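Take a look at the letters that make up each chain.
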Amino acid sequence: MAKEKLILRALAGETLDTPPIWMMRQAGRYLPEYRATRAEAGDFLSLCYNSDLAAEVTLQPIRRYGFDAAILFADILLIPQALGADLWFVTGEGPRLSTITDQAGFDALKPGDAIHDLLAPVYGTVRTLARELPKETTLIGFAGAPWTVATYMIAGRGTPDQGPAHALKAGNRPLFRALMGRIEEATIEYLSAQIEAGAEVVKLFDSWAGSLKGEDFQEFALEPTRRIIAEMKVRHPGIPVIVFPREAGEKYIGFSKATGADCVALDNSVDAAWAAEHVQVDGCVQGNLKSSHMVTGGQALVDETGEICRVLSKGPHIFNLGHGITPDADPENVQLMIDTVRNGAWKG
Ligand code: CP3
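A brief report on the enclosed structure follows. (Residues numbered from 1 in each chain as written. Predicted model: local features only at pLDDT ≥ 70, side-chain atom pairs only at ≥ 80, totals over all residues. Heavy atoms only, no water.)

1. Thoughts on the site of the ligand
Around the ligand, a shell composed of 23 residues is seen, among which Arg25, Tyr34, Arg38, Ser207 and His323 lie nearest. Contacts to the ligand include Gln26, whose backbone N or O atom sits 3.3 Å from an oxygen atom. Measuring from an oxygen atom of the ligand, one finds a side-chain N or O atom of His323 at 2.7 Å. Contact with the protein chains removes 87% of the 870 Å² of surface that the ligand exposes when unbound. When residues of the shell around the ligand are traced back to their parent elements, those giving at least two are α2 (32–41) and β3 (94–97). Of the residues contributing to the shell around the ligand, the split by class is 15 nonpolar, four polar and four charged. (Near = heavy atom within 4 Å. Polar contact = N/O pair within 3.5 Å; in protein donor to acceptor, adjacent residues only side chain to side chain. Areas by Shrake-Rupley, 256 points an atom, 1.4 Å probe, with all protein chains shown as cover. Helix = DSSP H or I, 4+ residues; strand = E, 2+ residues; numbered from the N terminus. Nonpolar A, V, L, I, M, F, W, Y, C, P; charged D, E, K, R; others polar.)

2. Brief notes about helix α4 (residues 51–65)
Its 15 residues place the ends of α4 22 Å apart at the C-alpha level, agreeing with the 21 Å of an ideal helix rising 1.5 Å per residue. The element α4 is largely enclosed, with a buried count of eleven among its 15 residues. Every buried residue of α4 is accounted for by Ser51, Leu53, Ala54, Ala55, Val57, Thr58, Leu59, Gln60, Pro61, Ile62 and Tyr65. Against α2, α3 (44–48), β1 (69–71), α7 (116–132) and α16 (331–343) lie the buried residues of α4. Looking at where α4 begins, the residue whose side-chain oxygen comes 3.2 Å from the main-chain nitrogen of Asp52 is Asn50. Phi turns positive one or two residues past the end of α4, at Gly66, with a value near 65 degrees. (Expected span 1.5 Å × (residues − 1). Buried < 20%, exposed > 50% of the residue type's maximum accessible area, 1.4 Å probe, protein only. Contact = heavy atoms within 4.5 Å.)

3. Brief notes about the packing of aromatic side chains
One pass over the structure, following the stated rule, counts ten aromatic pairs. Residues Phe142 and Phe205 carry aromatic rings whose centres are separated by 5.6 Å and whose planes lie at 85 degrees to one another, so their mutual orientation is edge-to-face. Residue Phe142 is located in strand β4 (residues 138–144), and its partner Phe205 is located in strand β5 (residues 201–206); the two are separated by 63 residues in the primary sequence. Judged by relative accessible area, which is 6%, Phe142 ranks as buried. These aromatic residues form a ring-pair network of at least three members: Tyr34, Phe44, Phe73 and Phe89. The ring centre of Phe217 lies 5.2 Å from the NZ or CZ of Lys251, which sits over that ring. (Phe/Tyr/Trp six-rings, centres within 6.5 Å; stacked < 30°, edge-to-face > 60°. Lys NZ or Arg CZ within 6 Å of the ring centre and 35° of its normal.)

Below you can see the structure in the form of structure tokens.
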């Protein structure tokens, strides 16, 4: 029954005639109905912690476009907050957090299993969605991967080069490792609770994986992902895991095998034909239309969408963007992308 869902079939390794489709940040500011609900909630974090309104914004792009998956509306930075960091969002700029730079800061954090009180409303959102989504729509839960979450906890904000996190990693390795370990524990707890509430798939976002080089990539991107997946497979066998080691470049090769992931999401910079040859050989891939096409539209969007479908058609594929849709995107271009994937003219 459950396996009839297209996303679950692709994640199980099936090559489908037409790839199922969803979109990173599909509930977001490019949609007027999202902006209206966020205004009703007051601000972004209040929206994340209001189960009814978070479920509502998760459902909006499903109603409007009929995507094959819904992704829980929340944020990767709720984990730092649940561990005890201060978190707020500056409109037009992004997240701000209290920083972890020394042992005292780390010692003040809560244990990894103490996150559930704050995050209870998120699990409520998942339960509502599991009830209300159309029967063909797959519900995806998510968390940030430890490295990406650590970059925000150390710097207190988004950074172009993750400099503060690299500096702590080099300057106080034991503290950095302890912080990574704490995030890893919390992530396993958080994903497990989402699955218990009804998530059918989980995704790990390692948005800054590309800034880890050499051995660091192995130790701080690949290994934590592998350990989290191994534990998830023990606790929740049969729940597929999607990984997104963004900007990993050649390290995309073998990443799903090495980590035990069921699918690897390709970022904007990956050539789809290269991925067909080097990544899709190991199983399902997700991606990877450049997010900028959602702003520019037109024939280039149609051509590029068709090309990605074509070159990835010989193996399991879930169509998606290479990163999140941006607030300046035109909702009509999203419809054009979906129509292009589904009308199948690219098969001809
Ligand atoms: O994809 C979805 O629709 C599900 C919800 C979701 C959000 N953030 C909602 C959100 C998911 C999966 C995320 C993941 C996330 N959050 C990541 C990893 C993926 C990526 O984009 O690389 C990261 C790094 C974050 C941290 C974060 N949250 C930043 C840096 C920002 C500010 C930048 C921005 O886009 O404004 C956010 C805010 C955020 N998270 C918004 C949304 C819809 C916009 C906030 C708003 O409505 O004002």
